[in-house]
Structure formats: structure tokens, C-alpha cells
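Chain by chain, the residues:
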Amino acid sequence: MKRPLEMAHDFLAEIVTKKDIVVDATMGNGHDTLFLAKLAKQVYAFDIQEQALEKTQERLDQAGMTNAQLILQGHETLDQFVTEAKVGIFNLGYLPSADKSVITQPQTTIEALEKLCHLLVKGGRIAIMIYYGHEGGDTERDAVLDFVSQLNQQEYTATIYRTLNQVNNPPFLVMIEKLERYRHG
């Protein structure tokens with residue numbers, strides 16, 4: 001059985017081509033940025049921690065990837081850099097092996113999700129890995145689930161993929177797809 005992060009990668013890899021612009025909303029240690037860089041034309045990756053940019057740049061350099069723009073800003077500013085995207089990925093929580101008090105915040109995460117949903121091309125997808133075992137994590141989890149649950153079903157499909165028999169707040173995946181058939185007006 002696939003782990004939620006493997007499922008997230010599969011969900012995005014199904015549709016990304018070398019013509020696409022994609023977003024890594026939470027750069028972290030650069031695993032998702034590198035994963036997307038191998039598939040897409042251009043990656044815009046965001047993080048507020050210098051350490052995240054350094055680790056990610058190192059990872060990209062080692063792989064010889066040059067199609068990622070690393071941005072030292074919160075993901076809620078993504079619309080200043082991106083006008084449309086095929087996919088986006090969020091890993092909510094804190095940067096592993098860094099300051100655990102620096103966590104993604106419900107209000108900026110929801111703002112980023114709203115903007116990315118709006119900028120998503122038809123058929124585009126967003127994968128949200130929700131880690132909530134840290135202080136404040138449950139608040140963000142609930143805010144994201146509330147936001148996603150209220151997306152217009154005529155425009156989006158939203159699903160959840162989670163293990164049911166694990167202890168210690170196992171991370172889970174929320175997937176959003178912008179429907180092809182949606183028409184404004």
C-alpha cells in the first residue's frame with residue numbers, strides 16, 4: 001500500500017508534462033521541488049526559511065536541475081510570481097531538522113490555497129500533505145479540511161487519503177482537482 005506522500009507524487013505525476021508550470025508551496029528540504037523539477041518546465045518553490053532554500057538548491061544542483069525558482073517568501077505570495085499552474089504541493093507543518101516552532105500557519109496556508117485554486121488550469125491538481133502532530137497542527141488541519149470541504153463541487157473534486165489504524169497523528173493527504181468541465185457563468 002502506498003504511503004500518503006507516494007500517493008501525492010503519483011497524483012501529480014499523472015498530469016505534469018515538460019510544458020507545465022508548477023508550485024511547491026512549502027519547499028522544506030527540497031524533495032518535492034526536485035520531484036517536480038524532473039517533470040515540469042518550471043517550478044516555483046516557496047519557503048520562509050533560508051535553510052530550506054540552501055538545502056533545496058543543493059539538492060537541485062546535485063541533480064543538475066536548473067528549472068526551479070526558489071523564493072524566500074511565504075506561499076501566500078505565490079500569485080506575485082505565478083499566473084497559472086498545472087499542479088501544486090503543500091507539506092504542512094515544520095521543516096524537519098530545523099526550528100520546530102516555525103510552522104505553517106492556517107491563515108497563510110488558506111490564503112495560498114485560495115490563490116492556487118484560482119490559478120490552477122482546468123484539470124490541474126493540488127496535493128496537500130497534512131502533518132498535525134505538533135502544537136498548532138490540529139488548528140491548521142481543521143482549517144484546511146474546512147476550506148477544502150467548502151470548495152464548489154461543480155468546479156473541484158476534493159478527496160482525502162489517510163491510514164485509519166495508525167497512532168501518533170499519522171500524516172494524511174488531501175487532493176484537489178479542478179474539473180475540466182467547469183464553466184464560469
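Counting of residues starts from 1 at the beginning of each chain's written sequence and follows it residue by residue. Given that this is a predicted model, residues contribute local features only at a pLDDT of at least 70 and side-chain atom pairs are listed and counted only at 80 or more, while totals for whole chains, interfaces and linings are drawn from all residues. In computing side-chain values, all of the structure's heavy atoms are included and hydrogens and water are not.

Peer 1: Looking at this structure, how should I read the overall build of the chain?
Peer 2: Each helix and strand in the chain was counted, giving five helices and seven strands. Taking 16 Å as the expected radius of gyration for a compact globule of 185 residues, we find that the chain reaches 15 Å, a close match to that expectation. Projecting the C-alpha coordinates of the chain onto the three principal axes gives extents of approximately 45 × 40 × 35 Å. Each residue's exposure class comes from its accessible area (1.4 Å probe, protein chains only) as a fraction of the maximum for that residue type: buried when under 20%, exposed when over 50%, partly exposed otherwise. For the chain, the residues scored as buried account for 52% of the 185 residues in total. Residues count as neighbours in contact if any of their non-hydrogen atoms are within 4.5 Å of one another. A sequence separation of at least 24 residues applies to 70% of the contacts in the chain between residues at least 6 apart. Positive charge is attributed to Lys and Arg, negative charge to Asp and Glu, and no charge count is given to His or to the chain ends. For the purpose of locating charges, the reference atoms are NZ of Lys, CZ of Arg, CG of Asp and CD of Glu. The positive charge centre, built from 18 side chains, and the negative charge centre, built from 25, are 8 Å apart in the chain. Secondary structure is summarised from DSSP: a helix means a run of H or I of at least four residues, a strand means a run of E of at least two, and numbering begins at the N terminus for each. In this setup the radius of gyration rests on C-alpha atoms only. A globule is expected at 2.2 Å times the number of residues raised to 0.38.

Peer 1: Got a minute to help me understand the pattern of salt bridges in this structure?
Peer 2: Oppositely charged side chains may form a pair once their charged atoms are brought near each other. Salt-bridge detection follows one rule: a side-chain nitrogen of Lys or Arg within 4 Å of a carboxyl oxygen of Asp or Glu. Enumeration over the complete set of coordinates arrives at nine salt bridges. Glu177 is the partner of Arg125 in a salt bridge, and the nearest nitrogen-oxygen pair spans 2.9 Å. Linking Arg125 in strand β5 (residues 120-130) with Glu177 in strand β7 (residues 172-178), this pair joins segments that are 52 residues apart in sequence. Ionic contacts of the salt-bridge type, sharing partners, join the residues Glu14, Arg125 and Glu177 into one network.

Peer 1: Could you clarify how one ought to interpret the pairing of strand β3 (residues 68-71) in this entry?
Peer 2: Side-chain direction in a regular strand flips from residue to residue, so the side chains alternate between the two faces of the sheet. Pairing between strands is defined by DSSP: at least two bridges between them are needed. Direction of pairing for strand β2 (residues 42-46) relative to β3: parallel, over a ladder of four bridges. What sits directly across from Ala45, in β3, is Leu70.

Peer 1: Sorry, what's going on with the environment of Ile110 here?
Peer 2: Assignment of secondary structure puts Ile110 in helix α4 (residues 106-119). Relative accessible area serves as the criterion here: at 16%, Ile110 is assigned to the buried category. Ile110 has contacts with Ala143, Val144 and Phe147, leaving out every residue within four places of it along the chain.

Peer 1: Sorry if this is basic, but what is going on with the packing of α4 against helix α5 (residues 137-149) here?
Peer 2: Two measures define how a pair of helices packs: the angle their axes make with one another and the distance between the axes. Put simply, α4 and α5 touch, their axes get as near as 9 Å, and they point 25° apart. With respect to their mutual orientation, α4 and α5 come out roughly parallel. Here α4 and α5 pass one another in a crossing that is right-handed. From α4, Pro106, Thr109, Ile110, Leu113, Glu114 and Cys117 reach across to α5, where they touch Thr139, Glu140, Ala143, Val144 and Phe147. Under the scheme applied here, ten amino acids are nonpolar (Ala, Val, Leu, Ile, Met, Phe, Trp, Tyr, Cys and Pro), four are charged (Asp, Glu, Lys and Arg), and all others, including Gly, are polar. Residue classes in the contact of α4 with α5 are distributed as seven nonpolar, two polar and two charged. Orientation is described by lines fitted to C-alpha atoms, with helices fitted over the stretch in contact, and by angles between N-to-C directions that extend from 0 to 180 degrees. An angle below 35 degrees is read as roughly parallel, one above 145 as roughly antiparallel, one from 65 to 115 as roughly perpendicular, and any other as oblique. Two helices that cross are described as forming a left-handed crossing if the nearer one is turned anticlockwise from the farther one by less than a right angle, and a right-handed crossing if clockwise.

Peer 1: Just checking my understanding: could you explain the side chain of Asp32 for this structure?
Peer 2: With respect to the helices, strands and loops of the structure, Asp32 is situated in helix α2 (residues 31-37). It turns out Asp32 is buried and unbridged, and the closest side chain with the opposite charge, Arg59, is 9.4 Å from it. We call two N or O atoms a polar contact when they sit within 3.5 Å, provided that within protein one can donate a hydrogen and the other can accept it, with sequence-adjacent residues counted only if both atoms are side-chain atoms. A polar side-chain atom of Asp32 sits 2.4 Å from a polar atom in the side chain of Asn91. Those residues in contact with Asp32 that sit more than four places away from it in its chain are Leu5, His9, Asp24, Ile89 and Asn91.

Peer 1: How do you make sense of the nonpolar core when you look at a structure like this?
Peer 2: For soluble globular proteins, the rule of thumb is that nonpolar side chains tend to be buried together. Formed by 29 residues in total, the largest nonpolar core has its most connected members in Phe90, Ile126 and Ile128. Of the residues forming this core, the biggest block, six residues, is contributed by α4. Aside from chain neighbours lying at most four places away, what touches Ile126 is Phe11, Gly88, Phe90, Leu113, Leu116, Cys117, Leu120, Val174, Met175 and Ile176. Take the buried Ala, Val, Leu, Ile, Met, Phe, Trp, Tyr and Cys residues and link them wherever side-chain atoms come within 4.5 Å; each set so joined is a nonpolar core. Grouped together as the second largest cluster of nonpolar side chains are 26 residues, Met27, Ala37, Ala68 and Ala127 included.

Peer 1: I keep staring at the sheet that holds β3 and nothing clicks. Help me out?
Peer 2: Backbone-to-backbone hydrogen bonds pair the strands of a sheet. The strands run either parallel or antiparallel. Reading across the sheet, the seven strands line up as β3-β2-β1-β4-β5-β7-β6 and stay open at both edges, with mixed pairing between neighbours. Taken across any chain shown, the strands that pair with only one partner, and hence form the sheet edges, are β3 and β6 (156-161). Along the sheet, successive strands turn relative to each other by an average axial angle of 15°, direction set aside. Pairing geometry for strand β1 (residues 21-24) and strand β4 (residues 85-92), over three bridges, is parallel. When the bridges of β4 are listed, Asp24 appears paired with Ile89.

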